[in-house]
Protein chains: 2
Amino acid sequence: MGVTEISRKERLIAIATDLFKANGYAGTSMRDLAAAVGIEAGSLYSHVRSKEEILQAICFGMANKFMRHLDQVLARKDCPCTEKLHAAITGHVAIITADINATSVFWNEWKYMQEPWLTDFSKMQIEYEAKFRSVLEAGIKTGEFCLADPVFTTSAILSSLNGLQKWRTYSMPPEDLGQAFANLFIKGIKT
Amino acid sequence: MGVTEISRKERLIAIATDLFKANGYAGTSMRDLAAAVGIEAGSLYSHVRSKEEILQAICFGMANKFMRHLDQVLARKDCPCTEKLHAAITGHVAIITADINATSVFWNEWKYMQEPWLTDFSKMQIEYEAKFRSVLEAGIKTGEFCLADPVFTTSAILSSLNGLQKWRTYSMPPEDLGQAFANLFIKGIKT
DNA sequence: CCTACCGATCGGTAGG
DNA sequence: CCTACCGATCGGTAGG
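Residues numbered from 1 in each chain as written. Chains lettered and ligands numbered in written order. Predicted model: local features only at pLDDT ≥ 70, side-chain atom pairs only at ≥ 80, totals over all residues. Heavy atoms only, no water.

Quick notes on the overall build of chain A
For clarity, the cut-off: Strands here are runs of E lasting at least two residues and helices are runs of H or I lasting at least four, both read from the DSSP assignment and numbered beginning at the N terminus. Classification of residues uses two cut-offs on accessible area relative to the type maximum, computed with a 1.4 Å probe and protein chains only: under 20% is buried, over 50% is exposed, and between them is partly exposed. The contact definition used throughout considers only heavy atoms, calling two residues in contact when any of these lie within 4.5 Å. Computed by Shrake-Rupley with a 1.4 Å probe, the accessible areas treat only the displayed protein chains as cover when residues are assessed.
Summing up its helical and strand segments, chain A has eight helices and zero strands in all. Sequence-ordered secondary structure for chain A, helices as α and strands as β, is α-α-α-α-α-α-α-α. Oriented by its inertia axes, the alpha-carbon framework of chain A measures out at about 60 × 35 × 30 Å. Evaluated residue by residue, chain A yields a buried proportion of 50% over its 191 residues. Sequence separation of at least 24 residues holds for 70% of the intrachain contacts in chain A that already meet a minimum separation of 6. A total accessible area of about 8900 Å² is found for chain A, and carbon and sulfur atoms account for 55% of it.

Written out as structure tokens, the structure is:
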């Protein structure tokens, strides 16, 4: 029972993710979702409490993946900042490419959540950016990096990576994208 | 009469731009817009034929601004590619910062347009990216730039710049952002 | 998981 | 630019 319940709910969320990416959260009706799942609209509510609960699951699911990985990178001892930044970038990109549609929802639709989730989510975003920035700041102190404004550069890097969810085509295999981003940005801030 | 008509319609579009940015195209009703403008919902239709016409005006308005500027940059004679790329980046950023909300709609809501606008718009995006990329490719030939994959690098740069519309705060005056982006990316691809 | 339905709201129009 | 309204669709619920 438990297993079936969970997997059906997860299947529902996976289908909703694709629809939210294609048509937006506000542009997707529960009837659209029901049709894609293959049940009647009213039946959705035996799996989820509300439309928004689905959005919350997608957004916080991705936020947790990003945060967990970055925390692992930050915990490394005796690791040059250049290497940490490299790992932070490639890991971030790997999480994106593992689920492009969920990333799109995470990045573009989170604003449709209500309070208190809206505030919690924003805090996570700000916290993530601060942790990411701490790698740049540490690299400036060690002399590995040369950049005037870590706040700016962090935003510029993360904007570029997260923009991946809108790319129409890739010129390389997805698993090579992280390396390409890391090369570009590390060269851009190296001393 | 003509003047008043145009300026009223432009005011309507300006207000719609703010609402579309805040709540999305699908999440903004014509009644929301009417209330913000200060008239009744039905009265909107003496200014615009449909909700989508407003979206078209915003999206193509921005697309044209971006394209016009890039064409000017490409037309420069006896200009090093590094300088052209610098001008392409700072100009693109200047257009974004001049109207952040319109950029957000241009970037996030264009998918809600119907055919044939959808196809026309996509073509413009692809054309813009190709023109932008041609600067990188020319710079490789002259030996100014060193990068393995111009398709990738173009997408990475434009993703970063366009991501500006989601930034919560700036760490510098908006007019300095273009220079900061140009520094980062030119250093990242310089020989 | 379905049927049948709730009140609310949607984009848009007719006629003035 | 307003009033009054159209048919369609929305998120969600009751009862089975």
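A few points about the protein's contact with DNA strand D
To be explicit about the condition: Here, proximity means that at least one heavy atom of the residue falls within 4 Å of the molecule or strand. Pairing of N or O atoms within 3.5 Å defines a polar contact, subject to two protein rules: one partner must be a possible hydrogen donor and the other a possible acceptor, and residues neighboring in sequence count only if both atoms are side-chain atoms. Following the grouping adopted for this structure description, the nonpolar residues are Ala, Val, Leu, Ile, Met, Phe, Trp, Tyr, Cys and Pro, the charged ones are Asp, Glu, Lys and Arg, and the polar ones are all others, Gly among them.
Taken together, 15 residues surround DNA strand D, and among them Met30 and Arg31 of chain A together with Arg8, Glu40 and Ser43 of chain B come closest. Taking the atoms of DNA strand D that fall within 4 Å of the protein, sugar and phosphate contribute 56% of them. Methionine 30 of chain A is positioned such that a nitrogen or oxygen atom in its backbone is 2.7 Å from a phosphate oxygen of DNA strand D. Here a phosphate oxygen of DNA strand D and a side-chain polar atom of histidine 47 of chain B are 3.1 Å apart. When grouped by side-chain class, the residues that make up the surface near DNA strand D number three nonpolar, seven polar and five charged.

With respect to the relation of the copies chain B and chain A
Just so we agree on the cut-off: The copies were overlaid with a least-squares fit restricted to C-alpha atoms from residues scoring a pLDDT of at least 70 in each copy.
The two copies are related by a screw operation: chain B maps onto chain A through 180° of rotation and 0.0 Å of translation along the axis, at an RMSD of 0.0 Å. Considering both components of the superposition, the chain copies are consistent with a two-fold axis. Counting the interface residues of chain B, we find that 100% of their copies in chain A are interface residues as well, pointing to one common contact surface.

Here's the deal with the side chain of glutamine 165 of chain B
Residues and elements named next belong to chain B. The residue glutamine 165 is located in the loop between helix H7 (150-162) and helix H8 (174-189) in this model. Residue classification places glutamine 165 among the buried residues on the basis of a relative accessible area of 4%. One polar contact links glutamine 165 to asparagine 108, side chain to side chain, over a distance of 3.1 Å. Here asparagine 162 takes part through its backbone oxygen, which lies 3.2 Å from a polar atom of the side chain of glutamine 165. Look past the residues within four positions of glutamine 165 in its chain and what remains in contact with it is Lys21, Ile100, Thr103, Ser104, Trp107 and Asn108.

Concerning the packing of aromatic side chains
How we decide: Paired rings are identified among Phe, Tyr and Trp, the last through its six-membered ring, by centres lying within 6.5 Å, and are further divided according to the angle between planes into stacked (under 30 degrees), edge-to-face (over 60) and tilted (the rest). For a lysine, the NZ atom is tested; for an arginine, the CZ atom; a charge sits over a ring if that atom is within 6 Å of the ring centre and within 35 degrees of the ring normal.
The final tally for this structure, using the stated rule, is 25 aromatic pairs over all chains. Taking 6.3 Å as the distance between ring centres and 25° as the angle between the ring planes, the aromatic pair formed by phenylalanine 106 of chain B and tryptophan 107 of chain B counts as stacked. A relative accessible area of 6% means that phenylalanine 106 of chain B is categorised as buried. A relative accessible area of 17% places tryptophan 107 of chain B in the buried class. Members of the aromatic cluster, joined through ring pairs, are Phe60, Phe66, Phe106, Trp107, Trp110, Phe121, Tyr128 and Phe132 of chain A. Above the ring of tyrosine 25 of chain B, the side-chain terminus of lysine 51 of chain B is found at 4.4 Å from the ring centroid.

Regarding the side chain of lysine 51 of chain B
Residue and element names in this part refer to chain B. To be explicit about the condition: Counted charges follow a simple rule, with Lys and Arg positive, Asp and Glu negative, and His plus the chain ends left uncounted. By definition here, a salt bridge exists when the distance from a side-chain nitrogen of Lys or Arg to a carboxyl oxygen of Asp or Glu is within 4 Å.
Structurally, the position occupied by lysine 51 is in helix H3 (residues 51-74). No salt bridge is formed by the buried lysine 51; the nearest opposite charge belongs to aspartate 32, separated by 7.7 Å. Residues contacting lysine 51, with those up to four places away along its chain left out, are Tyr25, Ala26, Thr28 and Met30.

Quick word on helix H6 (residues 117-142) of chain B
Residue and element names in this part refer to chain B. Quick reminder of the rule: In this scheme, a helix's expected span is set at 1.5 Å multiplied by one less than its residue total.
Over its 26 residues, H6 runs 38 Å from end to end, which matches the ideal 38 Å to within 8%, given 1.5 Å per residue. Turning to H6, its buried residues number three or more, namely Phe121, Met124, Gln125, Tyr128, Glu129, Lys131, Phe132, Val135, Leu136 and Gly139. Where the residues of H6 are buried, they touch H3, helix H4 (81-98), helix H5 (100-108), H7 and H8. The positive-phi residue at the C-terminal boundary of H6 is glycine 143, with phi of around 85°.

With respect to the interface of chain B and chain A
Buried accessible area, meaning the area lost when the parts come together, often serves as the stated size of an interface. We count it as follows: Buried area counts how much accessible surface, traced with a 1.4 Å probe, disappears from two parts once they are put together, with both parts' losses summed.
If you look at the interface, chain B gives 40 residues, while chain A gives 40 residues. Summing the contributions of chain B and of chain A, the shared interface buries around 2900 Å²; its carbon and sulfur component is 57%. The interface formed by chain B and chain A includes two salt bridges. Glutamate 129 of chain B is paired through a salt bridge with arginine 168 of chain A; the nearest N and O atoms lie 3.1 Å apart. Listed by contribution, the elements that provide at least two residues to the side of chain B that touches chain A are helix H1 (2-23), H5, H6, H7 and H8 of chain B. At eight residues, H8 of chain B tops the list of elements feeding residues into the side of chain B that touches chain A. Each residue belonging to the side of chain B that touches chain A can be placed in one class, and the counts come to 19 nonpolar, 12 polar and nine charged.

Re the pattern of salt bridges
When their charged atoms lie close together, side chains carrying opposite charge are able to pair. What the rule picks out here adds up to 12 salt bridges over all chains. Of the charged contacts, one joins lysine 131 of chain B and glutamate 127 of chain B as a salt bridge, the two residues approaching to 3.1 Å between their closest N and O atoms. One end of the pair, lysine 131 of chain B, and the other, glutamate 127 of chain B, are both in helix H6, four residues apart, so they sit about a helical turn from each other. Classification of glutamate 127 of chain B by relative accessible area gives partly exposed; the value is 38%. Close ionic contact of arginine 133 of chain B with glutamate 137 of chain B constitutes a salt bridge, the shortest N to O distance being 3.7 Å. Highlighted residues: arginine 133 of chain B and glutamate 137 of chain B, both in helix H6, separated by four residues, approximately one helical turn. For glutamate 137 of chain B, a relative accessible area of 36% gives the class partly exposed. One connected set of salt bridges, linked through shared partners, spans Lys9, Arg49 and Glu53 of chain A.

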